[in-house]
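# Observations on the three-dimensional arrangement
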Amino acid sequence: MNRMRDVLGEDHEETLLLRNSHGADLRFRGDFEPALQHDLDSLGRHETVFGPEHRRTLRAMNNLALDYLLLGEYDKASELQTTTFERQRASAGVSSLNVLSSWNGLARITRLQGQYREACDLGEDAYEFGVEQLGPEHPWTLRVAKDLSIAKRRDGKVEESLDLARRTFDTQVRNTGMDHPDALAAGLCLANAQRAFGEVAEALELLEDLTPRFKKMYGDDHPFKYGCDTNLALLLRINGRTEEAVDLDRAAREGLDRRLARDHHFTLTCAINLASDLAAMNEHEQAIRLGESTLGKLRARFGMDHPLTLAGAANLVVDLLQLGAQQEADELKTDTLQRYRRVLGRGHPDVIVAEQNKRLDFDFDPPVL
């Protein structure tokens, strides 16, 4: 890239195309902050050379929105992705593939913001568009199907989620084999759906196969590898292998804290599960300390009503009850359930678990890079 830039100049069309590729390379390596800085500069250059409505500029906007998402800056990602999607749909020069990518990005960001029903609606529309315009087995249609399955699971439609996840994974593996980034992401989605549906042994078997593949694909120190480890630790604990789960979650949390931040969505998800590991080992005081610290970060980052915040609060209730802090637990439970019912509805599986003073687990789903 440097040589072409020196020959053609910073703002030549061919140089700008290479800039997009370099941003993608940074994301694939897990260097999300450098990718953001690179793509911010790249977008400015695209707007100067091509104008704000050009398809290449809109693609650069998509890249930047993904950078914000990967860094947990969901409000910024949502604002930029919404603008991109609206411009792409209004432009005659933008391909169906780019429209679908932007549409799915908006649905994914909406899900990560905790708006599960809205994410399902966006995902359903995007998936229908993908099937009609690109076909049911196009790589981007399958990516949309994977994300739609996640949204359905988050929204409590577990059986629908599992069916879609299984069909998507089977098609993906048939088309690309197991060792493709899209197949790994689809496999992780399927394992999470299997666990949510109660197919715990099947989920563990699949994740034990996927984990070394994630390591081979992304390396030892990639956020996605740590996220896969977090999911595996969750299933190890459910299957009674608690000490293994603690070790894996501790290492994953340390890695995510180093590569992302202590208040990143992925890191906080891991912390919620680590507190559950500690509770399973009867280390309730440690679980409470970690739970209180994590809940404070969740509230500061995502607000009081985000489903991840509410999961952290519901689990802290369980630990407080274990140590006999009845009044504190009752007050927190009353507030948490009021918010949970308003946000997700009374019949949502997570709300029912919280009502029964049982622990909630949160898993990790990687976005498309």
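For the structure itself, look to the data block above.
So, here is what we can say about the structure in this document.

What counts, and at which threshold
- Residues numbered from 1 in each chain as written.
- Predicted model: local features only at pLDDT ≥ 70, side-chain atom pairs only at ≥ 80, totals over all residues.
- Heavy atoms only, no water.
- Salt bridge = Lys/Arg side-chain N within 4 Å of Asp/Glu carboxyl O.
- Helix = DSSP H or I, 4+ residues; strand = E, 2+ residues; numbered from the N terminus.
- Buried < 20%, exposed > 50% of the residue type's maximum accessible area, 1.4 Å probe, protein only.
- Polar contact = N/O pair within 3.5 Å; in protein donor to acceptor, adjacent residues only side chain to side chain.
- Contact = heavy atoms within 4.5 Å.
- Phe/Tyr/Trp six-rings, centres within 6.5 Å; stacked < 30°, edge-to-face > 60°.
- Lys NZ or Arg CZ within 6 Å of the ring centre and 35° of its normal.

So, on to the pattern of salt bridges. Inspection of the entire model under this criterion finds 40 salt bridges. Between Arg27 and Asp39 there is a salt bridge, with its nearest N and O atoms 2.8 Å apart. In this pair, Arg27 is assigned in helix 2 (residues 13-28) and Asp39 in helix 3 (residues 32-50), connecting sequence segments twelve residues apart. The class of Arg27 is buried, set by a relative accessible area of 3%. Taking the relative accessible area as the measure of exposure, Asp39 reaches 2% and is therefore buried. One salt bridge in this structure joins Asp41 and Arg45, with 2.9 Å as the shortest N-O distance. Pair noted here: Asp41 and Arg45 are both in helix 3, with a separation of four residues, about one helical turn. For Asp41, a relative accessible area of 32% corresponds to the partly exposed category. Salt bridges here are not isolated pairs; linked through shared partners, they connect Arg29, Asp31, Asp221, Arg258 and Arg259.

Turning next to the side chain of His348. Looking at where His348 falls in the secondary structure, it is placed in the loop between helix 17 (326-344) and helix 18 (349-355). The buried category is assigned to His348, whose relative accessible area is 4%. A distance of 3.0 Å separates a polar side-chain atom of His348 from the backbone nitrogen of Asp350. Ignoring anything within four residues of it in the chain, the contact list for His348 reads Arg154, Asp155 and Gly156.

Turning next to the environment of Arg262. In this structure, Arg262 sits in the loop between helix 13 (242-259) and helix 14 (265-280). It is 26 Å that separates the C-alpha atoms of Arg262 and Ala196, two residues lying 66 residues apart in sequence. If we skip the residues at most four places from it in the chain, Arg262 touches Arg253, Asp257, Thr267, Leu268 and Lys297. There is a polar contact of 2.9 Å between the side chain of Arg262 and the side chain of Asp257.

Our next topic: the packing of aromatic side chains. Using the criterion set out here, one finds nine aromatic pairs in the structure. Note on Trp103 and Phe129: the rings are 5.3 Å apart at their centroids and 50° apart in plane angle, and the pair reads as tilted. With Trp103 in helix 6 (residues 96-112) and Phe129 in helix 7 (residues 116-133), this pair connects stretches of sequence that are 26 residues apart. Like Trp103, the residue Phe129 is buried in the burial classification. Ring-pair connections join several aromatic residues into one group, and the members of that group are Phe28, Phe32, Phe214, Tyr218, Phe224, Phe266 and Phe364. Its end group placed over the ring of Trp103, Arg89 keeps NZ or CZ at 4.6 Å from the ring centre. Of note, Arg143 hangs over the ring of Trp140, and the distance from its end group to the ring centre comes to 4.6 Å.

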